[in-house]
Amino acid sequence: MSYELKHVFASLPQMERGVAKVIGGDPKGNNFLYTNGKCVIIRNIENPAIADIYTEHAHQVTVAKYAPSGFYIASGDASGKIRIWDTTQKEHLLKYEYTPISGKVKDIAWTEDSKRIAVVGDGREKFGAVFLWDSGSSVGEVSGHSKLINSVDIRQKRPYRLATASDDTCGSFFEGPPFKFKFTLRDHSQFVNCVRFSPDGGRFATASADGQIFIYDGATGERVSSLGGEKAHKGGIYAVSWSPDSSQLISASGDKTVKLWDVGAGTAVTTFNMGTDVTDQQLGCLWQKDHLISISLSGYINYLDKNNPDRPIRTVKCTASSGGPTLTCCSDLLTPLRYLSTVDCFSLTDVSHYWDAATGENDCFSGKGHSNQVSKVVTDEADELVTCSMDDTLRYTNINKKEYSASDVVKMDFQPKSVSAAARGLSLAVCIGQVVLLKDKKKVFTLDNLDYEAEVGVIHPGGTTAAVGGADGKVHLYSVQGNTLKDEGQTIEVKGPVTDMAYSNDGAYLAVIDEKKTAAVFDVADGYSVKNEFYGHHAKPVSLAWSPDNEHFATGGMDMMVFVWTVGDADKRIKVPDTHRLHHVSSLAWVDEHTLVTASHDASIKQWTIKY
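Just so it is clear, the structure is predicted and the values come from calculations on it, not from any experiment.

Cut-offs applied
Residues numbered from 1 in each chain as written. Predicted model: local features only at pLDDT ≥ 70, side-chain atom pairs only at ≥ 80, totals over all residues. Heavy atoms only, no water. Helix = DSSP H or I, 4+ residues; strand = E, 2+ residues; numbered from the N terminus. Rg over C-alpha atoms; globule rule 2.2 N^0.38 Å. Buried < 20%, exposed > 50% of the residue type's maximum accessible area, 1.4 Å probe, protein only. UniProt positions renumbered as here; feature names shortened; annotations may be inferred. Pairing = 2+ DSSP bridges. Axes fitted to C-alpha atoms, helices over the stretch in contact; angles between N-to-C directions. Lys, Arg positive; Asp, Glu negative; His and termini not counted. Salt bridge = Lys/Arg side-chain N within 4 Å of Asp/Glu carboxyl O. Polar contact = N/O pair within 3.5 Å; in protein donor to acceptor, adjacent residues only side chain to side chain. Contact = heavy atoms within 4.5 Å.

(A) Local environment of the overall build of the chain. A tally of helices and strands in the chain yields zero helices and 54 strands. Scaling as 2.2 N^0.38, a compact globule of 612 residues should have a C-alpha radius of gyration of about 25 Å, and the chain matches this with 27 Å. In terms of overall dimensions, the chain has C-alpha extents of about 85 × 50 × 40 Å along its principal axes. Taken over 612 residues, the chain has a buried fraction of 58%.

As structure tokens, then:
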């Protein structure tokens, strides 16, 4: 019995309004980098479905940059820590770790020989540092600012020059090494968000919240020109990126446009209009080889088309898969995701996306969806997603129509925690202090005043029995009689409070996991007698899913492990350790009996091949 990681479906960048997003480029031109939560995501620029994730930071990662050699990546986090790690090995071994500043890292720059690193951001004593990559020894001082530094860059040829951009409305220019402050650049009137040297070192550009871009001499730091006359953009500018030949650059702005500039003439060659919604604000950009990329506040990654400025070549709105008819997915960091075996679907948060692997079509579900976090998603026999959310509603969403229905929403009296669907149009919702039976999308029966706290509920595939797991360490069984739930007084004892449970697809077994780290399978036909008990998790298991073969089921837990269990033999199991490294497994599901999909708070989804 063995397992193999088949695909990694990476999240989109985690964005914040009014905060620039630094996108790192690969010196070889193959990949680009960005961050989400505690993760650094490396994506192939030609095929962004190919991705790798680095998860070793203990705090939120804010920026990552390749060394010019291409062999290492330096990533910085919210605590001021810099990790320098290997790009050539799958394990991404840590080479060095430093804490050059005491606050959030905002930007990183390397010298062209990959031997020195400049780091800037927030801090108590200082807002930046420049040091040798292999010893951490200082090679100068990043000074001259009274507020946090947003951006730093180093001229990629000798003599080296370093420039910074700060919230104090100024830039600074340094010579070195050792790097020494030469003078302040006082041309902007608001926060300076970005500074970038041209690849040939001849010029550098600064971009600011005042909507202006200034061009300076790369060797002397003298101002040469400004782009676009009085203002380059109507809104604040968050990022600039130079063309490989240093003659042009692109700029990303809060005015929801990206502009392509002829630097010598100081004029905009092309304006890319990215939309009209607030989420269409442009907070980051990268020019790499022939690819022009921008990042929207929505997290969408836009591949810009110089010949058709109003329509990107491609917009990466979600993760991409090579299998399954329909995928839905999201970039929300905290929501448990679900990959549903019946329709090969990932879950939705209040924004959801679908991906048609056959046609390459990917877009948002249209219409208005949930307004808060989705707690659970299942599918019913009518090819609908049945979702329950912290917005106190259940929704039924037709997968084929790819749009939310305004009418198929059921308002609950209390917040739902769990939902299950079965034959004959039945659904079961477990809410705080209440269990609700629904038929054909309407509430038909409610159990109130329970003498236990209901946590999770499932309906038998035949629609005859509803099982409700409680915080009292029991599973309470109710018979479904017409449109009512009848308490037959039968309960199943488990080891602790129930965290998840599921009937096998053929209805023969009920599997239950609990807070005491136990999984148990009960034989339905034999009066729910214990078939087997399974032990192995080191921390609370939180998710459970049956294989379509009805002989195996998988559990995922807070210990970052997934187990695949064999019903008939508790010792016959597959252990998948560190499924999502440093993040617990929040949800899992099967596509077929040899394909398991896991989801986690690292906002990524992974597909595994399971061999028995």
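(B) Representation of the UniProt feature "repeat: WD" (unreviewed entry) in the chain. Taking the numbering used here, the UniProt-annotated feature "repeat: WD" (unreviewed entry) corresponds to residues 54-95, 185-226, 230-271 and 534-567. Taken end to end, residues 534-567 is 0% helix and 56% strand, and its two terminal C-alpha atoms sit 9 Å from one another.

(C) Looking closely at the sheet that holds strand E19 (residues 213-217). One open sheet holds the four strands; their spatial order is E17-E18-E19-E20, and the pairing between them is antiparallel. Strand pairing shows two members of the sheet lacking a second neighbour, strand E17 (192-197) and strand E20 (223-226), which therefore form its edges. Direction aside, the axes of adjacent strands within the sheet are offset by 20 degrees on average. Here E17 pairs with strand E18 (residues 203-208) via five bridges, running antiparallel. Bridge assignment links Val195 to a residue of E18, and that residue is Thr206.

(D) A look at the side chain of Asp305. Tracing the chain through its elements places Asp305 in the loop between strand E27 (301-303) and strand E28 (314-316). One buried charged residue, Asp305, forms no salt bridge at all, with the nearest opposite charge on Arg311 at 8.0 Å. For Asp305, the side chain forms a polar contact with the main-chain nitrogen of Asn307, separated by 3.0 Å. Among residues more than four places away in sequence, those in contact with Asp305 are Phe272, Arg311 and Ile313.

(E) Just the sheet that holds strand E15 (residues 171-175), in detail. In space, the four strands of this open sheet follow the order E13-E14-E15-E16, with antiparallel pairing throughout. In the strand order of this sheet, the two ends are held by strand E13 (149-154) and strand E16 (180-185), each with one partner. Shown here is a sheet whose adjacent strand axes are inclined to one another by a mean of 20 degrees, direction ignored. Across five bridges, E15 lies against E16 in antiparallel orientation. By the bridge assignment for E16, Gly171 is matched with Leu185.

(F) Structural context of the environment of Glu453. Mapped onto the secondary structure, Glu453 falls in the loop between strand E39 (442-447) and strand E40 (454-459). For the pair formed by Glu453 and Leu33, sequence separation is 420 residues and the distance between their alpha carbons is 45 Å. The residues contacting Glu453, other than those within four sequence positions of it, are Lys417, Gly469, Gly470 and Ala471.

(G) Spotlight on the pattern of salt bridges. Across all of its chains, the model carries 22 salt bridges by this definition. When the shortest N-O distance is used, the salt bridge between Glu56 and Arg581 registers 2.4 Å. Linking Glu56 in the loop between strand E5 (51-54) and strand E6 (61-66) with Arg581 in the loop between strand E51 (569-576) and strand E52 (585-592), this pair joins segments that are 525 residues apart in sequence. We classify Glu56 as partly exposed; its relative accessible area is 22%. Assessed through its relative accessible area of 34%, Arg581 is described here as partly exposed. Two residues, Arg161 and Glu175, come together in a salt bridge whose shortest N-O distance is 4.0 Å. A residue pair is termed long-range when its members are at least 10 positions apart, and Arg161 in strand E14 (residues 161-166) and Glu175 in strand E15 qualify at 14 residues. For Arg161, a relative accessible area of 11% puts it in the buried group. One network of salt bridges, with partners in common, ties together Glu56, Asp578 and Arg581.

(H) Examining unusual backbone geometry more closely. The omega angle of the peptide bond from Gly176 to Pro177 is -5 degrees, so this bond is cis rather than trans. Residue placement: Pro177 occurs in the loop between E15 and E16. Although it is not a glycine, Asp392 adopts a positive phi angle of roughly 70 degrees. Within the secondary structure, Asp392 is located in the loop between strand E33 (384-389) and strand E34 (393-398). Classification of Asp392 as partly exposed rests on a relative accessible area of 22%.

(I) Broad picture of the pairing of strand E50 (residues 562-566). Counting buried residues in E50 gives five out of five residues, a clear majority hidden from the surface. Side chains of E50 alternate between two faces, with Val562, Val564 and Thr566 and Phe563 and Trp565 buried alike. Counting the residues in the hairpin turn of strand E49 (residues 552-557) and E50 gives four residues, including Met560, whose phi is positive at 65 degrees. Relative to E51, E50 runs antiparallel, the two being bridged by five bridges. Bridged to Val562 within E51 is Val576.

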